[in-house]
Amino acid sequence: MNLNQPIFRAENVSKAYAGHVAIEDISISVPEGSIFGLLGPNGAGKTTFIRIINQITGPDTGQLWFNGERLEEKHSAQIGYLPEERGLYKKMKVGEQALYLCQLKGLTKKDALARLKYWFEKFEIQAWWNKKVEELSKGMAQKVQFIITILHEPKLLILDEPFSGFDPINTNLIKSEILELKKKGTTIIFSTHNMGSVEELCDHIALINNTRVILEGEVKEVRSRFRTQTYNIDFAGSVMQLSASLGTYGELIEHGPEGDHTDATIRLVNGATTNQLLGNIMRTVVVRGFQEVIPSMNDIFIQAVEKYNQDKLAV
């Protein structure tokens, strides 16, 4: 496995339905062995793009590559897909359905039974084998479909809102399994609106808005790109003393109640460095803590989408 090599690549992919453009000129590269966040507001085009990767529908223009080859029907056996809208047959028994769907992915009945036994025991759901899907809660059905999705050990796993319907305990369970799959070499495309999960799990992201990719890169690099030179400071002294000590190097944004541990937020200005700023501050107050405020992925998501929409209106 080479983390620098893409297992999946899309080049200038576009798709329209009856005059409505769903995605336009999408190009992304998903590194092998990574968790790649596919993000965007509702209606941005994510589902259409995922359907194209799964060859449920085809692009109007553009090229798709899987593991160094043009994406073809034969690659479907190496891809797993957990859609946001679940697709289990409600009247079928859980075990019967799981066995059937695993065989559709190319597993023999013997191998499918052995792997299902392992996963049902691991998730402690053996008692559900002979229950009908309609008897299960949404979270229970989600567990079953997650197992079915990963059972054939796909090279590329596409998860669309995989934590929908889960309580916090089962959400953590599935997160652990996703990280374990990555550790074993599975590449994962992870589509979600939960930016906390993106920060926790994803190595790379692509943000789609109004049919186009408007932001892409490694999560750490993207967050660094949106830095605002803002810092939290914990100090002993008065807010007035702190404010006066900033000089031309910083500005006070907000502060909490004064005391032995007073919290404040300050921003560097006029091209100042943190050393210059701290040099001034420490002459006046006792600094107990100093930490940069890195924008969250949620803040970046909102900022990037709003800026793109404003720029588009201005044209």
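Residues numbered from 1 in each chain as written. Predicted model: local features only at pLDDT ≥ 70, side-chain atom pairs only at ≥ 80, totals over all residues. Heavy atoms only, no water.

1. Points about the sheet that holds strand β10 (residues 212-218)
In spatial order, the strands read β6-β7-β8-β3-β9-β10; together these six strands make up an open sheet with mixed pairing. Two strands lie at the open edges of the sheet, namely β6 (79-82) and β10, each paired on one side alone. Looking at each pair of strands side by side, their axes are set apart by 15° on average, direction ignored. For strand β3 (residues 35-39) and strand β8 (residues 187-191), the ladder comprises four bridges, and the chain directions are parallel. Residue pairing for β8: glycine 37 is matched across the bridge by phenylalanine 190. (Pairing = 2+ DSSP bridges. Helix = DSSP H or I, 4+ residues; strand = E, 2+ residues; numbered from the N terminus. Axes fitted to C-alpha atoms, helices over the stretch in contact; angles between N-to-C directions.)

2. Regarding the sheet that holds strand β1 (residues 6-17)
Taken in spatial order, the four strands make up an open sheet running β2-β1-β4-β5, and their pairing is antiparallel. Sheet topology places β2 (20-31) and β5 (69-70) at the edges, where each strand pairs with a single neighbour. Helix α1 (residues 46-53) contacts β1, β2 and β4 (61-66) of the sheet and is inclined by roughly 120° relative to β1. (Contact = heavy atoms within 4.5 Å.)

3. Some details on the pairing of β1
Pairing between β1 and β2: eight bridges, direction antiparallel. Counterpart to alanine 10 in the pairing with β2 is isoleucine 28. The hairpin turn running from β1 into β2, its antiparallel successor, is two residues long, and alanine 18 in that turn takes a positive phi close to 45°. Two elements, β1 and β4, share five bridges in a ladder whose sense is antiparallel. Note that in β4 the partner of arginine 9 across the bridge is tryptophan 65.

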